[in-house]
Amino acid sequence: KYKPTDEYETTLVTQLSLDRLDKFHLLINHWDGPISITMYGTDAQAWNLTQFLSENGINRMNMAIHIVYKQGKFYPVNHLRNIALNAVSTPYVFLNDGDFLPSFGLFSYLKKANKVLMTGSEKRALVIPAFNGEEGFTYPKDKADLQEMLQEGSVRMFCVWCAHQTHGPTNYSVWEKTSFPYRVEWAFHYEPYVVVRSDIV
């Protein structure tokens, strides 16, 4: 089991279907911290995963992969996430979707943010703003680069135009103008990607 190097580390917790190994490969290239991922699919797809790991030389000591074999027609997202959560050994977890690629360097940034923002007795969640990119877009290097892409239209704020209640409370208009953390209010159907203490999930 992975042993954290300090008290502010975050494990990325996610789930993904086994037929999306391309997304899995991108994810582990974007996040250099510990990962706990549950993958869902058939026995044949699980075999493809072992071949994929071998062919790409993927042998990370800070990654736990769990396999749940497909049953029925529904995708058991909460069950898959809970399995991944059970393997976490770090003080913090980053709950995200397998389609969501974290910014390069986010693991290191969160260690600093957790130390400043997440300590103390108050229960807090650190919201990670999400964005949609056009197919084949170049991943932004930093916030300034991202803001330029937003102005050009090659990137959009995630789901604000299609389902405002799921990410709208993140308050992207404030995010665009500030370089500091700000408080957001929870709302019904709000489904942000968050970092929280692992002992309160």
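As shown above, the structure is provided for reference.
Only a predicted model underlies this, so the values are computations on that prediction, with no experimental measurement involved.

Draft legend 1. Spotlight on the overall build of the chain. Looking only at helices and strands, one finds 7 helices and 8 strands in the chain. Expected size for 201 residues packed as a compact globule is a radius of gyration near 17 Å; at 17 Å, the chain falls within 12% of this value. The principal-axis extents of the C-alpha atoms in the chain amount to approximately 50 × 40 × 35 Å. Here the chain holds 201 residues, and 42% of them are scored as buried. Expressed as a percentage of contacts within the chain between residues at least 6 apart in sequence, the contacts between residues at least 24 apart total 72%.

Draft legend 2. Highlighting the pattern of salt bridges. Scanning all chains against the criterion turns up 5 salt bridges. Measuring nitrogen to oxygen at the nearest pair gives 3.0 Å for the salt bridge that ties K111 to D6. Placement of the pair is K111 in helix 4 (residues 106-117) and D6 in the segment before strand 1 (10-17), with a sequence separation of 105 residues. K111 sits in the partly exposed class, given a relative accessible area of 23%. Look at D6 and you get partly exposed, because its relative accessible area is 28%. D145 is the partner of K141 in a salt bridge, and the nearest nitrogen-oxygen pair spans 3.5 Å. Look at D145 and you get buried, because its relative accessible area is 18%.

Draft legend 3. Layout of helix 4. Residues L106, F107, L110, A113 and N114 constitute the buried set of helix 4. Buried residues of helix 4, viewed axially, fall in a sector of 115°; they line one side. Exposed and oriented more than 90 degrees from the buried face of helix 4 are Y109, K112, K115 and V116. Tucked inside the fold, the buried residues of helix 4 contact strand 1, strand 4 (92-95), strand 5 (126-128) and strand 8 (193-197).

Draft legend 4. Up close: the packing of aromatic side chains. As enumerated under the stated definition, the model contains 10 aromatic pairs in all. Ring centres 5.8 Å apart and planes at 45° place the aromatic pair W31 and F94 in the tilted group. Highlighted residues: W31 in the loop between helix 1 (21-30) and strand 2 (35-41) and F94 in strand 4, separated in sequence by 63 residues. Judged by its relative accessible area of 0%, F94 is buried. An angle of 75° between the planes, with centres 5.5 Å apart, marks the rings of F131 and Y172 as edge-to-face. Highlighted residues: F131 in strand 6 (residues 131-133) and Y172 in helix 7 (residues 172-177), separated in sequence by 41 residues. In this structure an aromatic cluster arises from ring pairing among W31, F94, F100, F107, F158 and Y193. Of note, K143 hangs over the ring of W175, and the distance from its end group to the ring centre comes to 4.5 Å.

Thresholds, definitions, all that
Residues numbered from 1 in each chain as written. Predicted model: local features only at pLDDT ≥ 70, side-chain atom pairs only at ≥ 80, totals over all residues. Heavy atoms only, no water. Helix = DSSP H or I, 4+ residues; strand = E, 2+ residues; numbered from the N terminus. Rg over C-alpha atoms; globule rule 2.2 N^0.38 Å. Buried < 20%, exposed > 50% of the residue type's maximum accessible area, 1.4 Å probe, protein only. Contact = heavy atoms within 4.5 Å. Salt bridge = Lys/Arg side-chain N within 4 Å of Asp/Glu carboxyl O. Arc of directions from axis to C-beta. Phe/Tyr/Trp six-rings, centres within 6.5 Å; stacked < 30°, edge-to-face > 60°. Lys NZ or Arg CZ within 6 Å of the ring centre and 35° of its normal.

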